[in-house]
Number of protein chains: 2
Amino acid sequence: MSKIKNISGFPELLPEQKLIEDKVISIIRKIYESHGFQPIETPAVELLSTLSTKGVVDKEIYLLRRAKEDSTQSDEGQLALHFDLTVPLARYVAQHFGSLTFPFKRYQLQKVWRGERPQKGRFREFFQFDIDTIAVDELPLACDAEIVSAIGKVFLELALGEFTIRLNSRKILFGAYKELGLSEEQQKQTITVVDKLDKIGVDGVKKELGAAGLASNTIEKIVELTKLRDKLENIEDVLSSPALSSTLCSSGKEELMTFSKLVSKSIIPNIKIDLSLARGLDYYTGLIYEVVFNQFPEFGSVCSGGRYDDLASQFINKKLPGVGVSIGLSRLMELILSKDLMKLESKTKTKVMVAVYSEDQRPKCNEIADELRKYGVTCEVFFKSPKLGKQLDAAASRQIPFVLFINPETGVYEAKDMSSKSQQVISSLKDWAKSLCSSN
Amino acid sequence: MSKIKNISGFPELLPEQKLIEDKVISIIRKIYESHGFQPIETPAVELLSTLSTKGVVDKEIYLLRRAKEDSTQSDEGQLALHFDLTVPLARYVAQHFGSLTFPFKRYQLQKVWRGERPQKGRFREFFQFDIDTIAVDELPLACDAEIVSAIGKVFLELALGEFTIRLNSRKILFGAYKELGLSEEQQKQTITVVDKLDKIGVDGVKKELGAAGLASNTIEKIVELTKLRDKLENIEDVLSSPALSSTLCSSGKEELMTFSKLVSKSIIPNIKIDLSLARGLDYYTGLIYEVVFNQFPEFGSVCSGGRYDDLASQFINKKLPGVGVSIGLSRLMELILSKDLMKLESKTKTKVMVAVYSEDQRPKCNEIADELRKYGVTCEVFFKSPKLGKQLDAAASRQIPFVLFINPETGVYEAKDMSSKSQQVISSLKDWAKSLCSSN
């Protein structure tokens, strides 16, 4: 008998936890679909050359090798597991360019893998749930606003607690940094350092910027900038700050103003302009955003995204600007489960258990169950025929709300409501099924 | 610019094909859930030692290696991608034994990987959609009947064409083979050869059995046995065949009789007892079955399963008999798409496109869209504001059924039905949304 060893970083849920995950997924999917995002799924496996732009393997990638072969490389090239859903999207859009309609709005829920060293608290396999809108040549700000609106609605409907959508503009950051005399290289470096503000604090940021060779009065101004934070409603106050007065900031400011008029009204109270938001990733060029839970700031963002000018130039000779956002579903589930943020009515979706008095009754019980299913009721027939009490106990332990049985003396159907303990005669399965479905 | 190379065996669908796959998935899931099967998801990655029972790597397994490391092996052991969902289920049940309720009925839809040589027509990554019922110590035939019933309902509801559930009993086969004097080893060998009947024909079977050392009159009897095929309704005729008269066959015959009384009536016309069905896999011990489309016999089975005595003895010191079935979803999709077996009303789920006369109108258009979404209507706002004709063309090409716009002169909402070309004034978005939702 081989012993089961836990491998860390590969999360696995119990069935009742998986039901919660499925509920979260169905809420997210419903909102994405309500905005016209279409599902796609790409293989988990890509060529390493696809995943490593410019030939550099700078990600923690898992390579594949056939167990039956010695060489890691076949003629077709090295295969590897994707580490995000953005590079596969780029390859997908380039490969199927002629078959897609633009703007191409897609959602994608898949596992991704990071070939990290086993380490507590780090996932090596996890779900991401992404939406992106890709256009040819030009992508209006309406698309940024739609993405943020959809995300806001997701977190409103998930109802996991107060949340904030932190919003910023890379154009404003780059404009302000340029005004301070920073070179392009220094601007990028500064983004990377400011992105770590929550982790390393103001002193840490100052230290790292100093080590990067910036003058201390420049550093002070960069730090001052990160303090500009306010509700979206007060956008005009924020944007009229002297720190953003340079004309280099003006296109970023205009974008934020336009955005504020296009984003869904329902989520405006949740949006905060936050000049300290920088996002580490290289490819963002415009608006950037992330979602944090007010109650759990230490947990960091569960969702982040932004605008990028150029999705797929490594694969296709087209200008394809895009905007997207990614929900770290497995991380979100970790938070939901550890803080018990979402409760289901029951551990199972089964609404009715049909009890079986004796094996003679079973064919009839099966027919009853099939009829209930026809009316939309999820239904199980108990797999054996022990005493009724045992079957009721089994239903109770699984939180199945109703047990139906055929009275062996009278032949009538009776249903027991497991929470009220009341019992009723069922004269019409159809009517009863209707009442069960409408009470959902 | 790096060229995109196709890697064969990793299927990828266009968005409109993915919609069909999603519809197939939702039908299967609905029926599985209606029977009380619970969802689980296991990591794609397992320890190689988990996947290779008895230390033998006899499957085409993909091993993982971190790109940043030289060694394929870390301290935790070699990681690999799972090649089916049964071994991970066994590990899952053993690992979480104390947290599960038995009988444990689960469904699982996941990708699996086969590290095969690239080869036309062979998938290396594909979806499987499995259900299994696992019990402790003893699993009644009611569970086999439920699994076959669920599968039958799936294919009835998918409505892809006439199908047959081929049904047999390994106990009958082993009993009949033993009666013919075959050793246990020869019995297993014969199963493997008979399983290839459809591929290699009667002559091929005779030749291989001859090569295995069986006497020609024994071979004749084995071949005769494969000719016993009839509708489930005629089960008594089939089972009264002299070829099955040995008492060694009697427990298998009894099981089939009991099964025939417990399986859902709706699918009985689709079931055929077929003594030529053998199934290649080693671990089946009782009833076995597979689903074929009558119109496409050459395509082989799209779904198969059976009873096994012992799920997880390699991981846990318990007797865990089980019964399960697996739908080869990616193969099924290949058939559906290549033969055009399932048509959707539209290439998109979007019901309404809100046209935008001018960018000034956009915030109002967004509000209209949000209101429609609130009433359950999937809805998009056109991303730019070109002439209305262009926007109507865009909606038509994507098969969006309705376009709503604000008459720029009167301010009233008007909706154009894109198929009838009729136009109507919308005085209440709520009422209109209701009519759209009820016409689904």
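The structure under discussion appears in the preceding block.
Residues numbered from 1 in each chain as written. Chains lettered and ligands numbered in written order. Predicted model: local features only at pLDDT ≥ 70, side-chain atom pairs only at ≥ 80, totals over all residues. Heavy atoms only, no water.

1. Description of the interface of chain B and chain A
Every contact between the two is made by 102 residues of chain B and, on the other side, 102 residues of chain A. Summed over both partners, the interface of chain B with chain A buries about 8500 Å², with 55% contributed by carbon and sulfur atoms. Here R66 of chain A and E60 of chain B are joined by a salt bridge, their closest N and O atoms 3.2 Å apart. Between the two partners, chain B and chain A, sit 39 residue pairs in polar contact (both at pLDDT 80 or more). Tallied by class, the residues present in the side of chain B that touches chain A amount to 43 nonpolar, 22 polar and 37 charged. In the sheet, strand 3 (residues 62-66) of chain A pairs with strand 3 (residues 62-66) of chain B via 5 bridges, with the strands oriented antiparallel. By the bridge assignment, L64 of chain A is partnered in strand 3 of chain B with L64 of chain B. (Contact = heavy atoms within 4.5 Å. Buried area = accessible area lost by both parts, 1.4 Å probe. Salt bridge = Lys/Arg side-chain N within 4 Å of Asp/Glu carboxyl O. Polar contact = N/O pair within 3.5 Å; in protein donor to acceptor, adjacent residues only side chain to side chain. Nonpolar A, V, L, I, M, F, W, Y, C, P; charged D, E, K, R; others polar. Pairing = 2+ DSSP bridges. Helix = DSSP H or I, 4+ residues; strand = E, 2+ residues; numbered from the N terminus.)

2. Regarding the sheet that holds strand 12 (residues 322-327) of chain A
In any sheet, the strands associate via hydrogen bonds between backbone groups, in a parallel or an antiparallel arrangement. Residues and elements named next belong to chain A. Sheet architecture is open: 9 strands sit in the order 1-5-6-12-11-10-7-9-8, paired in mixed fashion. Bordering the open sheet on either side are strand 1 (38-39) and strand 8 (229-231), each of which pairs with just one other strand. The sheet strands contacting helix 1 (residues 15-34) are strand 5 (104-113), strand 6 (125-134) and strand 12, and the helix crosses strand 6 at an angle near 5°. (Axes fitted to C-alpha atoms, helices over the stretch in contact; angles between N-to-C directions.)

3. Regarding the sheet that holds strand 15 (residues 402-406) of chain A
Residues and elements named next belong to chain A. Spatially, the 5 strands line up as an open sheet ordered 14-13-15-16-17, and their pairing is mixed. The open sheet is flanked by strand 14 (379-381) and strand 17 (423-426), the only strands paired with a single partner. Taken pair by pair, the neighbouring strands of this sheet meet at an average axis angle of 25°, ignoring direction. Bridge analysis of strand 13 (residues 352-354) against strand 14 gives 3 bridges, and the strand direction is parallel. Across the sheet, residue V352 finds its bridge partner in strand 14, namely C379.

4. Looking at the pattern of salt bridges
All names here are of chain A. Counted under the stated rule, the structure contains 62 salt bridges over all chains. Note that R307 and D144 form a salt bridge whose closest N and O atoms lie 2.5 Å from each other. One end of the pair, R307, is in strand 11 (residues 303-308); the other, D144, is in helix 4 (residues 141-158), and 163 residues separate them in sequence. Here R307 matches D144 in class, with each residue buried. One network of salt bridges, with partners in common, ties together R166, D198, R229, D274, R279 and E290. (Buried < 20%, exposed > 50% of the residue type's maximum accessible area, 1.4 Å probe, protein only.)

5. Details of helix 3 (residues 86-95) of chain B
Within helix 3 of chain B, 9 of the 10 residues are buried, which leaves it mostly tucked inside the rest of the structure. The secondary structure elements touched by the buried residues of helix 3 of chain B are helix 1 of chain A together with strand 2 (45-47), helix 2 (48-51), strand 5 (104-113), strand 6 (125-134) and strand 11 (303-308) of chain B.

6. Things to note about the relation of the copies chain B and chain A
In screw terms, the move from chain B to chain A is a rotation of 180° and a rise of 0.0 Å along the axis, fitting with an RMSD of 0.0 Å. Viewed as a symmetry operation, the transformation between the two copies matches a two-fold axis. The C-alpha atom lying nearest the rotation axis in chain B is that of L64 of chain B; the distance is 2.5 Å. Here 100% of the interface residues in chain B have copies in chain A that are interface residues too; the copies meet face to matching face. (Least-squares fit on C-alpha atoms with pLDDT ≥ 70 in both.)

7. Re the environment of S52 of chain A
Residue and element names in this part refer to chain A. With respect to the element layout, S52 can be found in the loop between helix 2 (48-51) and strand 3. Since its relative accessible area comes to 7%, S52 is described here as buried. Between the C-alpha atom of S52 and that of V87, which follows or precedes it by 35 residues, the distance is 9.2 Å. Polar side-chain contacts of S52 include one of 2.7 Å to the backbone oxygen of L48.

8. A few points about the pairing of strand 12 of chain A
All names here are of chain A. Across the 6 residues of strand 12, 6 count as buried, placing the element largely inside the fold. Neither face of strand 12 is left uncovered, since the one carrying G322, G324 and S326 and the one carrying V323, V325 and I327 both have all their residues buried. With 6 bridges joining them, strand 6 and strand 12 adopt antiparallel strand pairing. In the strand pairing of strand 12, T133 is matched with V323.

9. Quick look at the side chain of N168 of chain A
Residue and element names in this part refer to chain A. Within the secondary structure, N168 is located in strand 7 (residues 163-169). By relative accessible area, N168 is classed as buried at 0%. A polar contact is formed between the side chain of N168 and the backbone oxygen of D274, at a distance of 3.5 Å. Setting aside chain neighbours within four positions, we find N168 in contact with L173, D274, L275, S276, L277, G286, L287 and I288.

10. Some points on the packing of helix 1 (residues 15-34) of chain B against helix 11 (residues 329-339) of chain B
All names here are of chain B. Where helix 1 contacts helix 11, the two axes come as close as 11 Å, and the packing angle between them is 125°. Considering their axes alone, helix 1 and helix 11 lie oblique with respect to each other. With respect to the hand of their crossing, helix 1 and helix 11 are arranged in right-handed fashion. Listed contacts from helix 11 to Q17, I20, E21, V24, I25 and I28 of helix 1 are L329, L332, M333, I336 and L337. When the residues that make up the contact of helix 1 with helix 11 are grouped by side-chain class, the tally is 9 nonpolar, 1 polar and 1 charged. (Parallel < 35°, antiparallel > 145°, perpendicular 65-115°, else oblique. Left-handed = near helix turned anticlockwise from the far one by under 90°.)

11. Side note on the environment of R106 of chain A
Residues and elements named next belong to chain A. Inspection of the secondary structure puts R106 in strand 5. Given a relative accessible area of 0%, R106 falls into the buried group. When the C-alpha atoms of R106 and E41 are compared, they prove to be 9.7 Å apart, with 65 residues separating the residues in sequence. Side-chain polar atoms of R106 contact the backbone oxygen of L85, separated by 3.3 Å.

12. Side note on the packing of helix 5 (residues 170-179) of chain B against helix 6 (residues 184-194) of chain B
Residue and element names in this part refer to chain B. Two numbers describe how helix 5 lies on helix 6: the axes approach to 10 Å, and their chain directions differ by 120°. By the angle between their directions, the pair helix 5 and helix 6 is classed as oblique. Both helix 5 and helix 6 take part in a crossing whose hand is right-handed. Where helix 5 approaches helix 6, its residues R170, L173, F174, Y177 and K178 are matched on the opposing element by Q187, K188, T190, I191 and V194. Each residue belonging to the contact of helix 5 with helix 6 can be placed in one class, and the counts come to 5 nonpolar, 2 polar and 3 charged.

13. Thoughts on the packing of aromatic side chains
Within the structure shown, the criterion is met by 31 aromatic pairs over all chains. Here the aromatic rings of W113 of chain A and W113 of chain B are separated by 6.3 Å at their centres, their planes lie at 85°, and the arrangement is edge-to-face. Of the two residues, W113 of chain A is situated in strand 5 and W113 of chain B in strand 5; the pairing between them involves two chains. Between the aromatic rings of F97 of chain B and F102 of chain B, the centroid separation amounts to 5.0 Å while the plane-to-plane angle is 35°, which identifies the pairing as tilted. For K105 of chain B, the ring lying beneath its charged end belongs to F37 of chain B, and the centroid distance is 4.9 Å. The positively charged end of K111 of chain B is found above the aromatic ring belonging to F127 of chain B, 5.2 Å away from the centroid. (Phe/Tyr/Trp six-rings, centres within 6.5 Å; stacked < 30°, edge-to-face > 60°. Lys NZ or Arg CZ within 6 Å of the ring centre and 35° of its normal.)

14. Some details on helix 6 of chain B
Residues and elements named next belong to chain B. Taken together, the buried positions of helix 6 are occupied by Q187, T190, I191, V193 and V194. An end-on view of helix 6 places all buried positions within 165° of arc, on one side of the element. As for helix 6, its buried residues are in contact with helix 5, helix 7 (197-211) and helix 8 (216-226). (Arc of directions from axis to C-beta.)

15. Quick look at the nonpolar core
Most often, soluble globular proteins keep nonpolar side chains buried together rather than apart. Of all hydrophobic cores here, the largest spans 93 residues; its most connected members are Y32, F155, I327 and L332 of chain B. A total of 11 residues in this core trace back to one element, the largest contributor, which is helix 4 (residues 141-158) of chain B. If we ignore the near neighbours within four places in the chain, the residues touching I327 of chain B are I28, Y32, F127, Q128, F129, D130, I151, V154, F155, V302, C303 and L332 of chain B. Grouped together as the second largest cluster of nonpolar side chains are 92 residues, L139, A142 and V302 of chain A together with I400 of chain B included. (Core = buried A, V, L, I, M, F, W, Y, C linked by side-chain atoms within 4.5 Å.)

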